[in-house]
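# Chains, contacts and geometry: an overview
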Amino acid sequence: MSDAYCTDCKKETELVFDHSAGDTLCSECGLVLESHSIDETSEWRTFANESSNSDPNRVGGPTNPLLADSALTTVIAKPNGSSGDFLSSSLGRWQNRNSNSDRGLIQAFKTIATMSDRLGLVATIKDRANEIFKRLEDQKSTRGRNQDALLAACLYISCRQEDKPRTIKEICSVANGATKKEIGRAKDYIVKTLGLETGNSVELGTIHAGDFMRRFCSNLGMSQQAVKAAQEAVKKSEEFDIRRSPISIAAVVIYIITQLSDDKKPLKEISLATGVAEGTIRNSYKDLYPHLPKIAPSWYAKEEDLKNLSSP
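Residues numbered from 1 in each chain as written. Predicted model: local features only at pLDDT ≥ 70, side-chain atom pairs only at ≥ 80, totals over all residues. Heavy atoms only, no water.

- As recorded in an unreviewed UniProt entry, the protein goes by the name TFIIB-type domain-containing protein, listed as coming from Microthlaspi erraticum.
- Listed under Sequence similarities (unreviewed entry) in UniProt, the entry text for the protein is "Belongs to the TFIIB family."
- Heading Subcellular location (unreviewed entry) of the UniProt record for the protein holds this comment: "Nucleus". (UniProt positions renumbered as here; feature names shortened; annotations may be inferred.)

Next comes the structure, spelled out in structure tokens:
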């Protein structure tokens, strides 16, 4: 029941909803305030063979525009020990062989969804990765290729295009055994194939060191103040010609900021959190050090602190 204004009673009264007729009535005078209402809640039903078995389902799975059948398929139940075992099992086998032409795509989409969930990616990235793989499948460009590497590369490209980049190493950690080299080759192959399809080069988006900063800082458990200082420093570093990869710059900035704080992080821990080798961080530090006074936020570190900063 809920309260609403009744035009006949001229006051707020309790309403009663008649589900069978779809009418909303006043509980005091019986006036039908609204008729033939549409119930927009889920229409759950039980399709189990036996009434004791609870198997609530809706009218079908969610539609997917990338699938030919749009996810509307018929599933034959497994035999339950009755006299129709042979017929039912035969129908089930034939259905599994012939009914779903998109079985390979469905399995690929499930793999992409699993990788996305493990990386904590949003649905838009997963959907774009599905679209990229569907385009490859339509061109018959996936045959004879490492499927796990292709799917991982689709996810990597999707992250780049959605301005939420992940490193190859991060993608590799959820790629079902595909190596960084295989994913890199698959990425180049996809970019080339899709470029030939459209006649234009595939835009991957520009990677900035700041794209990785918050995630790397979170992995290290840095304080909010240190995270803010690191984000400011990495933004200022873009003003200088530091010929290092964005990931390497992010790693060395984190090292510098943590060394200037009370909660110093060892180089090995930063290397594990960022996926950048210790030697690369040391070399990047040498390139960044001349610009350090202009990069480090003045509110976070004094000039004396920068002079006493130890190299990794």
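## What to know about the overall build of the protein
- Helix and strand content of the protein: 13 helices and six strands.
- Total accessible area computed for the protein in this model is approximately 19200 Å², and 48% of it derives from carbon and sulfur atoms. (Helix = DSSP H or I, 4+ residues; strand = E, 2+ residues; numbered from the N terminus. Areas by Shrake-Rupley, 256 points an atom, 1.4 Å probe, with all protein chains shown as cover.)

## A look at the environment of Q231
- With respect to the element layout, Q231 can be found in helix 8 (residues 224–237).
- Between the alpha carbons of Q231 and F212 there is a distance of 9.8 Å; along the sequence they are 19 residues apart.
- Not counting residues within four places of it along the chain, the set of residues in contact with Q231 comprises M213 and R214. (Contact = heavy atoms within 4.5 Å.)

## A look at the pattern of salt bridges
- Scanning the model with the defined rule gives nine salt bridges in all.
- Close ionic contact of E170 with R215 constitutes a salt bridge, the shortest N to O distance being 2.9 Å. Placement of E170 in helix 5 (residues 168–172) and of R215 in helix 7 (residues 210–220) is noted, with a sequence separation of 45 residues between them.
- Note on E170: relative accessible area 18%, which makes it buried.
- Close ionic contact of D188 with K187 constitutes a salt bridge, the shortest N to O distance being 3.4 Å.
- D188 gets classed as partly exposed once you look at its relative accessible area, which sits at 46%. (Salt bridge = Lys/Arg side-chain N within 4 Å of Asp/Glu carboxyl O. Buried < 20%, exposed > 50% of the residue type's maximum accessible area, 1.4 Å probe, protein only.)

## Overview of the packing of helix 9 (residues 246–259) against helix 10 (residues 267–274)
- At a minimum axis separation of 10 Å, helix 9 and helix 10 run at an interaxial angle of 145°. Relative to helix 10, the crossing made by helix 9 is right-handed. The segment helix 9 lies against helix 10, with I247, A251, I254, Y255 and T258 engaging L267, I270 and T274.
- Tallied by class, the residues present in the contact of helix 9 with helix 10 amount to six nonpolar, two polar and no charged. (Axes fitted to C-alpha atoms, helices over the stretch in contact; angles between N-to-C directions. Left-handed = near helix turned anticlockwise from the far one by under 90°. Nonpolar A, V, L, I, M, F, W, Y, C, P; charged D, E, K, R; others polar.)

## Some words on the packing of helix 4 (residues 147–161) against helix 6 (residues 180–198)
- Where helix 4 meets helix 6, the axes come as close as 8 Å, and the angle between the chain directions of the two elements is 70°. As the angle between them shows, helix 4 and helix 6 are arranged roughly perpendicular. Handedness of the helix 4/helix 6 crossing: right-handed. Contacts between helix 4 and helix 6 pair A149, L150, A152, A153, C154, Y156 and I157 from the former with E182, I183, A186, K187, Y189, I190 and V191 from the latter.
- Grouping the constituent residues of the contact of helix 4 with helix 6 by class yields twelve nonpolar, no polar and two charged. (Parallel < 35°, antiparallel > 145°, perpendicular 65-115°, else oblique.)

## Regarding the nonpolar core
- Residues M213, M222, V253, I254, I256 and I257 are the most contacted members of the largest nonpolar core, which totals 38 residues.
- Contributing elements (two or more residues each) for this core: helix 7, helix 8, helix 9, helix 10, helix 11 (278–288) and helix 12 (292–295).
- Tallying contributions element by element places helix 9 first for this core, with nine residues.
- Contacts of I256, omitting those with residues within four sequence positions, involve Y285, L288, L292 and L309.
- Among the nonpolar cores identified, the runner-up in size contains 34 residues, and F133, L155, Y156 and I171 belong to it. (Core = buried A, V, L, I, M, F, W, Y, C linked by side-chain atoms within 4.5 Å.)

## Brief notes about the packing of aromatic side chains
- For the coordinates displayed, the defined rule picks out four aromatic pairs.
- Geometrically, the ring pair formed by Y285 and Y289 is tilted, given 5.7 Å between the ring centres and 40° between the ring planes.
- Since its relative accessible area comes to 5%, Y285 is described here as buried.
- Judged by its relative accessible area of 36%, Y289 falls in the partly exposed class.
- Taking the centre distance of 5.7 Å and the plane angle of 80° together, the rings of W299 and Y300 count as edge-to-face.
- Grouping aromatic residues by their ring pairs yields a cluster made of Y255, Y285 and Y289.
- Of note, R145 hangs over the ring of Y189, and the distance from its end group to the ring centre comes to 3.7 Å.
- Sitting above the plane of the W299 ring, K228 keeps its charged end 5.5 Å from the centroid. (Phe/Tyr/Trp six-rings, centres within 6.5 Å; stacked < 30°, edge-to-face > 60°. Lys NZ or Arg CZ within 6 Å of the ring centre and 35° of its normal.)

## Here's the deal with the pairing of strand 3 (residues 23–26)
- The pairing of strand 2 (residues 11–18) with strand 3 spans four bridges and is antiparallel. Looking at strand 3, one finds that L15 is bridged to C26.
- Of the strand pairs in this sheet, strand 3 and strand 4 (residues 32–34) are connected by two bridges, and their pairing is antiparallel. Looking at strand 4, one finds that L25 is bridged to V32. (Pairing = 2+ DSSP bridges.)

## Focus on the side chain of T193
- Relative to the helices and strands, T193 resides in helix 6.
- A polar contact is formed between the side chain of T193 and the backbone oxygen of Y189, at a distance of 2.8 Å.
- If we skip the residues at most four places from it in the chain, T193 touches L136, Q139 and S141. (Polar contact = N/O pair within 3.5 Å; in protein donor to acceptor, adjacent residues only side chain to side chain.)

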